[in-house]
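Descriptive structure summary
Chain by chain, the residues run as shown.
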Amino acid sequence: MKILLVGEYRENKLLDVTYDLIGFADKLEADKVMLAVGYEEDIPKFDGKLYLADAKALGEYNPSAHKQLVLDVVEKENPDLIVFIHSSFGWDLAPRVATSLKATQFTEVIDYKDNSFIVPSCNSKLRRDLKSKTSKTVITIQAGAFTPLSEPQGMPSIENISADASSNVNFVAYEEAEAKGLDLTKAEIIVTAGRGVGKKDNIPIIQALADKLGGELGASRPVADNAWVDQSHQVGTTGQTVSPKLYIACGVSGAIQHLAGMKKSEFIVAVNTDKDAPINEVADILVVADVLQFVPALTSKLS
Amino acid sequence: MENTNEITREVYWNVGNNATTIGLMYFFTFLSMGLLVYLFYKRYKVYQLGRPLNRTDNLPQRVKYMLTNMMGQIRVKRNSRPGIAHSIFFWSFIVLFIGTFLVFIQADITDLLFDYVFLKGDFYKIYSLSLDIAGFVGIIMMTALFVRRFVFRPKNLITSRDDTIIHILLYVILITGFLIEAVRMAATELITNPEWMIFSPIGMVIANMLSEVASSTLLLTHKILWWFHLFIVLAFFVVIPLTKLRHMFTITANYVFKDNGPTGKLVTLDMEDENIESFGASTVKDFTWKDIFDADACISCNRCEDICPANATGKPLSPMSVIHKIGDAAFNDPDRNLVEDIGQDAIWSCTTCRACEDICPSGNEHVSKIVDIRRNLVLMEGEFAGEEVMKAMDNVEVNGNPMGLALASRGDWTEGLDVVIMGDSSDVLTNPVDVLYYVGCYASFDARNQKIARNFVEICNASGIKVGILGKEEKCCGEPIRKMGNEYLYQELAKENIENLHKYNVLKIVTTCPHCFNTLNKDYRDLGLETEVEHYTVFLDRLEKEKRIPMEEKEFDCTYHDSCYLVRHNDIDSEPRSLLDSAGANIIEMAKSKKDTSCCGAGGGRILAEEHLGNKKINVDRVNMAQETGAPTLISNCPFCLTMFEDGIKMADCEDSLVVKDLSEIIVERLKKQ
Amino acid sequence: MKVLVCIKQVPDMESKFKVNAQNNWFDENDLAYRINEYDEYAIEQAVQLKEQLSDVDVTVLCVGPTRVKEALKKALAMGCDRAVHIEDEESYIKDSSQVASLIADFAKDKSYDIIFTGMQSQDRGSAQVGVIVSELLNIACVSTIADFEYSDGITVKRELEGGLKSIIKVDTPVVLTCQLGLNTPRYPTLPNIMKAKKKELITIDSLELSSIDSLNETLNFYYPQKSGGSLILEGDVPELADKLIAILKEKTSVL
């Protein structure tokens, strides 16, 4: 099987998550070729061919141009599978490519077995096994599902490509998130408040546990959206991606975007009354209890 | 002066029983009364700015209620010290009024037409003595009230220009009355029949002091005082509609116009009428005439504000202020937006506990006005008490419960229990259940309250009662939704629930939640629910009296919290106590218990909201009251109260000394092992 | 200006899902349905645009069985002018390309200036339909917008990873797919709910619109095996706390 991988760059740098693409291709033991719109100064490390387009000329968000590049490489290389990361770049570009190729697209693939792709459904509670009926297939893969275990190495052979840079959308600028000084990525212990905490008045209960452990307070998206906790504490794909030594998720159901942001934590404890909550997929321990009763008890027992 | 044998008083003595005196007197009297009527008529036109409302049906019953409450001063005496002073003052004034009235009857009818004089002899002795005592007592009571208001100045009691005018007028009327009597007696009885004077003791004391005054002086003084007194009284009449004194008429009328419906039941809006463009109230014309009239019945006694749990904990809500602002807008600026005037923070703070309505001596209805404004905010503006309340309503709309948990899992708490789920049972019509247990959202989904649901089923099973529940066919009864103003969603829920309740032809519905109880038993009647509904404390108390609950009495100390929706909305305070008594409880009552109970803070839909305002939490306030009894256990009978007290005990940091339990837990602990 | 809002009706995510008899989707019984959360933001943005400019006509569209009419009514109550129900009992098993081609066939001759839709659905999460529609109609598309402004043209902000956003300017006609938090969806007021009852709701059988055959096949739909790694602790809260502390001391270095 031949796979075209579409790598990602942002603000002059190669995104690490690009290596997940390589991990995926290696897991399938397939021939791989990569295309990326990026910068010569920062090349991904792998053995194989890299089609590199110049981001300075084409822009970092230029769907029509990027689509054309993919189609051009598909024409040259004739891959069976075209793989994107399930990111704001990938889920925007993949459907455009799929439609042009009259190919089917599978979104947020987490596994591949016996010629079928496995994707999550209903907030990751369930799974679908999908099989393509088209000669080519486009997929986006979940970040973190195929991360290679070994360090990246190698040096690709590079072919420069280009396309018409005109676009019907105009990228103006990036806007950084307001810097609040809270860097959860450096925290060793994070205690996160999820919707199960109930209301803003109960947040101090979670904060107290975080303080007792000498850790930081995290928040799931609904908790941040409701302003129970400041947005800077949000953990997840649109917040911060963390990997502390200990992660305690209090009343967090485990929406995919949240899991993606914390599942690399070394030890994960979930406190939840719902045994079916998706957070249990990644948790090492599930404490089946009411957050509002268990957390204070735990806090007071920690000396 | 006549020297007769029988004690009597010459009417119109000295001022002239002639056409001039009488003519002038009646002329000015009619003038002042005409002014009184006219001024009240002008106010009547303002009441008419409000929507129509029928409060004159069943008139004899209404008048009877009015007479009982007015003459008995029953509501006035709820606040005992000033209440008793006012009551005695009121009765003494009634006596004085009857006294004047009898003079009128004699002078203009019996004597004039039939030459019949009855104000003489023994009757006159009683008459004169009564009037003197009444007048004297009146002055004493006036002084007590005066000292309270102007010297002690109770906190929050507003003293206005009206109060000053009223006090001055009443004092002048009473005092000049005695002066006229004394001067007359000094010129007559003192000389001719001193033995009569004892029947006008106050007059006697003052007359004795005037014994040296020349007769001509006395006569002139008497004339002046008499006309002065007349004009002051006539001025008093005119002042009535212009000041708080109007309450003599408006409160009397308010008693007649009281709400005869089930206590606290809200008006069910007609959602089908396509011509209605506006829902709820934002300006005066959206309220009813009664809502405006209540402002005229209000005498600013402050009792509602003093007893309001929201006000007591620093929220910007004053029930009295709501009444005043509606009145002020009606009389001065009818287009004023009352929502902005009163303020959303105040409007959303109300817990609908009805303490204000219960204590109001004027019979004002505060709660329905607040809910009407909430209806305007939700239905017309899409505004809520908070984003969390909007989310809770959204959850109820989608999943039938404010927590937003899966509707299909509503009956999951029954796992392992012997209870029929109506929709799953094949023989529910041939082998009927004894009661349908309407569980409610908290007992269905909240861990602490699920225990209560299981307890109730356990107690019923032990007593040989077969229980059925609707399970996933039950949705939120809609009570907090309705109290928070969303009448539309409430009616949608109600109609669906009623259909499901009727489906199984059950004979009785029992619920462990006073809010569900109140809603099904009252509000749902407007939408067609016909089944009998009971709160579980009444249901179990009856079973216990029939000796059907296998319970062992075990003594324990406790205090009992009367939930607002049981005691003030439904007059239920004895059955839970009788039940507790059978369980062996030694109840140490809180200072505010039974009808005077103090709210836990979760009513009025506030269970859905977060409490941000004020300087103290309402539930902590009540927990403190429970602590004061020294009892180790606080008993409640409502899932909202239970939830609020569990929180309150933690916040008040008294988990070591006080525990809260639901009444059902006490009974389950005492069930004999089978 | 003509605006189209494409919505989907999904079950509430708190529901307990059961796999259907064909093992390709969930059983529809006992589920509480609602408008897909992402689409609520799309509806709200369209209505806000209508309030901002005069002369904006908003059509809301939904593909699905009869029950989706409730979702359309709610959208009308929020402020859309008219509704289109593309009736399809099989929509649950149709793939994104099929759904998109139904929508594109409906929209192709109607010259919509802006098409708002949620960036993905809560049940499938494919995040494809909006973008595919733009490709089929050959118009611009910006996905995942967290901010929208109309003044002298359209300026949107895409939500990227790590809190970063990108500012994009785009001209009509355009498809915009909406991310959570774009705005605060309004609660319909009662007069609007009543007005909605009189607004136009047309039903089009999906067979009348051109579509394509399915491009993929669902082999299985199931609950994942518990990974087995998760140790479940149940019991009395104080004991649980003790147990957890013991395990943390043993398995981690943090205590």
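Residues numbered from 1 in each chain as written. Chains lettered and ligands numbered in written order. Predicted model: local features only at pLDDT ≥ 70, side-chain atom pairs only at ≥ 80, totals over all residues.

Describing the overall build of chain C
Helices and strands together make up the secondary structure of chain C, namely 6 helices and 13 strands. Projected onto its principal axes, the C-alpha positions of chain C cover 65 × 45 × 40 Å. Per-residue burial over chain C gives 48% buried out of 255 residues. Excluding contacts between residues fewer than 6 apart, the proportion of contacts in chain C whose partners are at least 24 apart in sequence is 71%. (Helix = DSSP H or I, 4+ residues; strand = E, 2+ residues; numbered from the N terminus. Buried ≥ 20, exposed ≤ 12 C-beta atoms within 10 Å, placed from the backbone. Contact = placed C-beta atoms within 7 Å.)

What to know about the overall build of chain A
The helix and strand tally for chain A stands at 8 helices and 18 strands. For a compact globule of 303 residues, the expected C-alpha radius of gyration is about 19 Å, and chain A comes in at 21 Å, within 12% of that figure. Counting over 303 residues, chain A shows a buried share of 54%. Pairs at least 24 apart in sequence give 66% of the contacts found in chain A among residues at least 6 apart. (Rg over C-alpha atoms; globule rule 2.2 N^0.38 Å.)

What to know about the nonpolar core
For soluble globular proteins, the rule of thumb is that nonpolar side chains tend to be buried together. Ranked by internal contacts, the top residues of the largest apolar core, which has 167 residues, are V83(A), V5(C) and A75(C). Taken together, domain 1 (2–161) and domain 2 (184–301) of chain A each give at least three residues to this core, which thus spans both. Those residues within four positions of V83(A) in sequence are excluded, and the remaining contacts are I3(A), L4(A), L5(A), V6(A), L21(A), F24(A), I139(A) and I141(A). Within the second largest apolar cluster, 143 residues are counted, among which are A385(B), W413(B), Y488(B) and C513(B). (Core = buried A, V, L, I, M, F, W, Y, C linked by C-beta atoms within 7 Å. Domains from an automatic or database assignment.)

Some points on the sheet that holds strand 13 (residues 231–233) of chain C
Strand order in this open sheet of 6 strands is 15(A)-14(A)-16(A)-17(A)-18(A)-13(C), and the pairing throughout is parallel. Taken across any chain shown, the strands that pair with only one partner, and hence form the sheet edges, are strand 15 (216–219) of chain A together with strand 13 of chain C. Strand-to-strand, the axes of this sheet are offset by a mean angle of 20 degrees, without reference to chain direction. In the sheet, strand 14 (residues 189–193) of chain A pairs with strand 16 (residues 246–250) of chain A via 5 bridges, with the strands oriented parallel. (Pairing = 2+ DSSP bridges. Axes fitted to C-alpha atoms, helices over the stretch in contact; angles between N-to-C directions.)

So, the sheet that holds strand 9 (residues 165–170) of chain C
The strand order 13(A)-9(C)-8(C)-7(C)-10(C)-6(C)-1(C)-4(C)-5(C)-11(C) describes an open sheet built from 10 strands, whose pairing is mixed. Each having just a single partner strand, strand 13 (169–175) of chain A together with strand 11 (201–205) of chain C make up the two edges of the open sheet. For this sheet, the mean angle separating the axes of adjacent strands, direction not counted, is 35 degrees. Two elements, strand 4 (residues 57–64) of chain C and strand 5 (residues 82–87) of chain C, share 6 bridges in a ladder whose sense is parallel. If you follow V60(C) over to strand 5 of chain C, its bridge partner there is A83(C). Packed on one face of the sheet, helix 3 (residues 96–107) of chain C meets strand 1 (2–7), strand 4, strand 5 and strand 6 (114–118) of chain C and runs near 145 degrees to strand 4 of chain C.

A look at the interface of chain C and chain A
Taken together, the contact between chain C and chain A spans 64 residues of the former and 66 residues of the latter. Mapped by element, the contributors of at least two residues to the side of chain C that touches chain A are helix 4 (129–137), strand 7 (140–150), strand 8 (154–159), strand 9, strand 12 (216–222), strand 13 and helix 6 (237–251) of chain C. For the side of chain C that touches chain A, the leading source of residues is helix 6 of chain C, giving 9 residues. Looking at the side of chain C that touches chain A residue by residue, the class counts come to 30 nonpolar, 20 polar and 14 charged. As paired strands, strand 13 of chain A and strand 9 of chain C are joined by 6 bridges and run antiparallel to one another. By the bridge assignment, E175(A) is partnered in strand 9 of chain C with K165(C). (Nonpolar A, V, L, I, M, F, W, Y, C, P; charged D, E, K, R; others polar.)

Some remarks on the domain arrangement of chain A
All names here are of chain A. Partitioning chain A into domains gives domain 1 (2–161) and domain 2 (184–301). Between the C-alpha centres of domain 1 and domain 2 the distance comes to 32 Å. With 7 residues of domain 1 at the contact, the number on the domain 2 side is 9 residues. Among the residues forming the side of domain 1 that touches domain 2, the class breakdown is 2 nonpolar, 4 polar and 1 charged.

Side note on the packing of helix 3 (residues 80–114) of chain B against helix 4 (residues 121–152) of chain B
Residues and elements named next belong to chain B. Running from amino to carboxyl end, helix 3 crosses helix 4 at an angle of 145 degrees, the nearest separation of the two axes being 8 Å. Two packed elements cross with a definite hand, and for helix 3 against helix 4 that hand is left-handed. Judged by residue contacts, P82, A85, H86, I88, F89, S92, F93, V95, L96 and G99 of helix 3 engage Y127, S130, L131, A134, G135, V137, G138, M141, M142, A144, L145 and R148 from helix 4. (Left-handed = near helix turned anticlockwise from the far one by under 90°.)

What to know about helix 20 (residues 447–462) of chain B
With 16 residues, helix 20 of chain B extends 23 Å from end C-alpha to end C-alpha; this agrees with the ideal 22 Å at 1.5 Å per step. A positive phi of about 80 degrees marks G464(B), the residue just after helix 20 of chain B. (Expected span 1.5 Å × (residues − 1).)

Some remarks on unusual backbone geometry
A cis amide bond, omega -5 degrees, links T172(C) with the succeeding residue P173(C). Mapped onto the elements of the fold, P173(C) is located in the loop between strand 9 and strand 10 (174–178). Residues other than glycine seldom take positive phi values, yet E11(A) does so here, at roughly 45 degrees. Tracing the backbone shows E11(A) in the loop between strand 2 (9–10) and strand 3 (13–14). For E11(A), a count of 10 C-beta atoms within 10 Å gives the class exposed. If you check the backbone angles, T352(B) has positive phi at about 50 degrees while not being a glycine.

Observations concerning helix 9 (residues 247–256) of chain B
Spacing of three or four residues puts side chains on the same side of an α-helix, whose turn is 3.6 residues. All names here are of chain B. Every buried residue belonging to helix 9 is among H247, T250, I251, N254 and Y255, and all of these are buried. The arc that holds every buried residue of helix 9, seen down its axis, measures 140 degrees, which confines them to one face. Looking at the packing, one finds that the buried side of helix 9 touches helix 2 (59–72) and helix 10 (289–297). (Arc of directions from axis to C-beta.)

Things to note about the pairing of strand 5 (residues 49–54) of chain A
Within a regular strand, the side chains alternate between the two sheet faces. All names here are of chain A. By the bridge criterion, 6 bridges tie strand 4 (residues 31–38) to strand 5 in an arrangement that is parallel. Its bridge partner lying in strand 5, V33 is registered against K49. Pairing between strand 5 and strand 12 (residues 157–161): 5 bridges, direction parallel. Paired with A53 across the strands is I161, a residue of strand 12.

Here's the deal with the environment of I618(B)
Residue and element names in this part refer to chain B. Position of I618 among the secondary structure elements: in helix 27 (residues 618–628). C-beta crowding within 10 Å serves as the criterion here: with 27 such atoms nearby, I618 is assigned to the buried category. In this structure, the C-alpha to C-alpha distance between I618 and C599, residues 19 residues apart in sequence, is 7.4 Å. Each residue touching I618, except ones within four places of it in the same chain, is listed here: P309, A310, T313, C599, C600 and G601.

Describing the confidence of the model for chain C
Averaged over all residues, the pLDDT of chain C is 94; the fraction at 70 or higher stands at 98%. Quick note on the complex model: pTM equals 0.90, ipTM equals 0.92. (pLDDT = per-residue confidence, 0-100.)

Observations regarding the pairing of strand 8 of chain C
All names here are of chain C. Among the 6 residues that make up strand 8, 5 are buried, leaving the element largely enclosed by the rest of the structure. Here 5 bridges tie strand 7 to strand 8, and the two strands are oriented antiparallel to one another. Each residue of the ladder has a partner; that of Y150, found in strand 8, is I154. Pairing between strand 8 and strand 9: 6 bridges, direction antiparallel. In the sheet register, R158 faces strand 9, and the bridge partner there is S166. Between strand 8 and strand 9, which pair antiparallel one after the other, the connecting turn spans 5 residues, and G162 there sits at a positive phi close to 65 degrees.

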